[in-house]
Amino acid sequence: MRKRTLALVVAGGAGLVLLAVVTVGAAVFYAHFHDRGLPRTTVAGQSITGQTRGEVAASLRERSADVTVTWTADGAERTATLGDLGLAVDVDATVDEAFARNASWGGHLGVLVGGHKVAAVVTSDGTTLEDVAAQIATEAGLAGSDAAVVLAEDGTTFQVIPAVAGQAVDPSTFQEVARAAAAGLADRSTTVKFVPAAPTVTDQAAQQTVDAANALVAAPVVVSDGKADHSPEPAAQAAWVTIPTTPQGLGDPGLDLDQVTGWVQGLADEARLDPVTGQQYVDPQGKVLSITKQAKDGQEVTNVEQVAQAITDQVPAGQGYTGAFEFASVPATWDSKQVASAADVLAYFPSDGEKWIDVNLSNHTVRAYEGTTVVMGPYSMVDGKPAMPTVTGTFTIYQKYESKTMRGFEADGVTPYVTENVPWSMFFHKGYAIHGAYWRSTFGYSASHGCVNLPVATAKQLYQWAPVGTVVVVHR
């Protein structure tokens, strides 16, 4: 009995020791691998045992950059990287999956028993892979086409371009192969096969879109500017129509707000009346001496955006549109010129000290003024003969020549004349000038071709006094 009891005591002690050893070993195992790749764990076929998250991530980036997909289609071979196909490895998500079992004892034990195989988590940009597949079919001459809606040559109606039957790449021989290459981080090769492909947009669907688009062109649109009603030309209204495309085909036709706004703004610009700036002369006390142009208020359209938005909303809703512009007044302003005292008795209203030349056709004289003060003259002059009279009005000197050869025609419009070396010429309107006349010995009558002729010395004196821009008033 004592021997049996002793044996039990020894066996129990050995079990405790073994349990302690196992417990310590498990603790050491967990401590070592809790932030490292567990044994028997692979990512895309490659062991990550003992690697840190950062090391696994770096390896994934390096491996994914080297993966290629090679395909043969219609006898031609091409190779592309994952990036070329719009595919990428989500490194963070893949690492999270690889380390998902590190957080618990159960996860550690499960890996030791059954292992942990992780495929790379693959993302796609959603379009490139399918675009490449479509390009393969196109290059093979097998791609068909969807029915399309286009504006007819008359620019006023829409019409259908029928669909063309074709073939598309069999996804199992290309797209799926590419995704498998990304998930396994291993190069893949494939021979592309083709399968019949129905058009996404059928002729019937395109005709329905055409009917809806043409209804928008035919919808009544009337905008009144208060004087007349305006409607767009059919070609202009057709230009408003937009037909969106979606992955499922053609969307519902609508109107382009910017195009509609442009048309409405054009009408508004035509309806706008710019204010007329009034011109008046006032004396130093502000009294109006003369009004040479009456001020007049203008008007501008204030609801362009509202009209355009209403057209864009109502026409697609089948309501058409009838509306009117709203206007706001644009106040006119006055351009007031203060003139010198007593200027109201002169042919011109000058500012104080302003240089100007008075050409009086009634008494054939020229005077030079500074403000209301005569500084030169009166000088006798020769103005235009009855058949070629001197132009009347208020002008400014725009060009000066110390000597100028003048050419023209007589009153008959046929006989030419040429006068060389005309001195001290000051042109104030087209071919009309004040200049010296060395060929004349008397002045004070009408006999020239329209210019104002002066004695040479007088013309020089006036030339030296009057700069370009000096006002010339010719009157009777």
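Preceding this section is the structure that the text describes.
Residues numbered from 1 in each chain as written. Predicted model: local features only at pLDDT ≥ 70, side-chain atom pairs only at ≥ 80, totals over all residues. Heavy atoms only, no water.

J.: Please provide a residue-by-residue account of the nonpolar core, values included.
T.: The biggest cluster of nonpolar side chains holds 32 residues, and the ones touching the most others in it are W71, L85, I136 and F174. Elements with a minimum of two residues in this core: α2 (53-66), β3 (68-73), β5 (87-89), α3 (91-98), α5 (128-139) and α6 (175-184). Tallying contributions element by element places α5 first for this core, with four residues. In terms of nonpolar packing, the next biggest core, distinct from the first, is built from 31 residues, V223, W263, A308 and I311 among them. (Core = buried A, V, L, I, M, F, W, Y, C linked by side-chain atoms within 4.5 Å. Buried < 20%, exposed > 50% of the residue type's maximum accessible area, 1.4 Å probe, protein only. Helix = DSSP H or I, 4+ residues; strand = E, 2+ residues; numbered from the N terminus.)

J.: Tell me what's going on with the sheet that holds strand β22 (residues 321-324), and back it up with residues and numbers.
T.: Here we have three strands laid out as an open sheet, ordered β14-β13-β22, and mixed in their pairing. Across the chains shown, the open sheet's two edge strands, defined by having one partner strand only, are β14 (229-230) and β22. Bridging between strand β13 (residues 221-224) and β14 involves two bridges; their strand directions are antiparallel. Within β14, the residue paired with S224 across the bridge is D229. Where helix α10 (residues 304-314) meets the sheet, it contacts β13 and β22, and its direction lies at approximately 170° from that of β22. (Pairing = 2+ DSSP bridges. Contact = heavy atoms within 4.5 Å. Axes fitted to C-alpha atoms, helices over the stretch in contact; angles between N-to-C directions.)

J.: Mind laying out the environment of V122, listing which residues take part and the relevant values?
T.: The residue V122 is located in strand β7 (residues 122-124) in this model. Overall, V122 belongs to the partly exposed group, its relative accessible area being 30%. Contact partners of V122, with chain neighbours within four places excluded, come to L87, A88, R179, A182 and A183.

J.: Kindly report on the pattern of salt bridges, identifying the contributing residues and their values.
T.: Within this structure, the stated rule accounts for six salt bridges. E354 serves as the salt-bridge partner of K337, at 3.1 Å between the closest nitrogen and oxygen. One end of the pair, K337, is in strand β24 (residues 334-338); the other, E354, is in the loop between β24 and β25 (355-360), with 17 residues separating them in the sequence. K337 sits in the partly exposed class, given a relative accessible area of 22%. The shortest N-O distance in the salt bridge between K385 and E410 comes to 3.4 Å. You can see K385 sitting in the loop between β28 (382-384) and β29 (393-396) and its partner E410 sitting in the loop between β30 (399-409) and β31 (416-429), a full 25 residues away along the chain. Its relative accessible area of 24% is what places E410 among the partly exposed residues. (Salt bridge = Lys/Arg side-chain N within 4 Å of Asp/Glu carboxyl O.)

J.: Help me get a handle on the side chain of N360, residues and values and all.
T.: Residue placement: N360 occurs in strand β25. Overall, N360 belongs to the buried group, its relative accessible area being 12%.

J.: Explain a nonpolar patch on the surface to me, using residue names and the numbers behind them.
T.: On the surface, V288, I291 and W334 cluster together into a nonpolar patch covering about 260 Å² of accessible area. Looking at W334, the relative accessible area reads 36%, which means it is partly exposed. (Patch = residues over 30% accessible without salt bridge, like charges linked within 9 Å, V, L, I, M, F, W, Y side chains within 5 Å. Areas by Shrake-Rupley, 256 points an atom, 1.4 Å probe, with all protein chains shown as cover.)

J.: With reference to specific residues and values, describe the packing of aromatic side chains.
T.: If you walk through the whole model with that rule in mind, you get eleven aromatic pairs. With centroids separated by 5.7 Å and ring planes inclined at 40°, the aromatic side chains of F395 and F428 adopt a geometry described as tilted. Of this pair, F395 sits in strand β29 while F428 sits in strand β31; the two residues are 33 residues apart in sequence, bridging distant segments of the chain. Take F395: its relative accessible area is 13%, and that puts it in the buried class. With centroids separated by 4.9 Å and ring planes inclined at 90°, the aromatic side chains of Y438 and W439 adopt a geometry described as edge-to-face. The class of Y438 is partly exposed, set by a relative accessible area of 45%. Relative accessible area serves as the criterion here: at 37%, W439 is assigned to the partly exposed category. Clustering of aromatic rings is evident, with ring pairs tying together Y348, W356 and Y369. Directly above the aromatic system of F99 lies the positively charged group of R53, at a separation of 5.4 Å from the ring centroid. The lysine or arginine in question, K404, covers the ring of Y401, its NZ or CZ lying 4.5 Å from the ring centre. (Phe/Tyr/Trp six-rings, centres within 6.5 Å; stacked < 30°, edge-to-face > 60°. Lys NZ or Arg CZ within 6 Å of the ring centre and 35° of its normal.)

J.: Help me get a handle on the sheet that holds β25, residues and values and all.
T.: Taken in spatial order, the five strands make up an open sheet running β27-β26-β25-β35-β29, and their pairing is mixed. Looking at strand neighbours, the two that pair on one side only are β27 (373-380) and β29, the edges of this open sheet. Averaged over all neighbouring strand pairs, the angle between strand axes comes to 20°, with direction disregarded. The pairing of β25 with strand β35 (residues 471-475) spans five bridges and is parallel. Counted as the bridge partner of N360 is H475 from β35. Against the sheet, helix α11 (residues 456-465) engages β25, β26 (365-370) and β27, with an angle of about 150° to β27.

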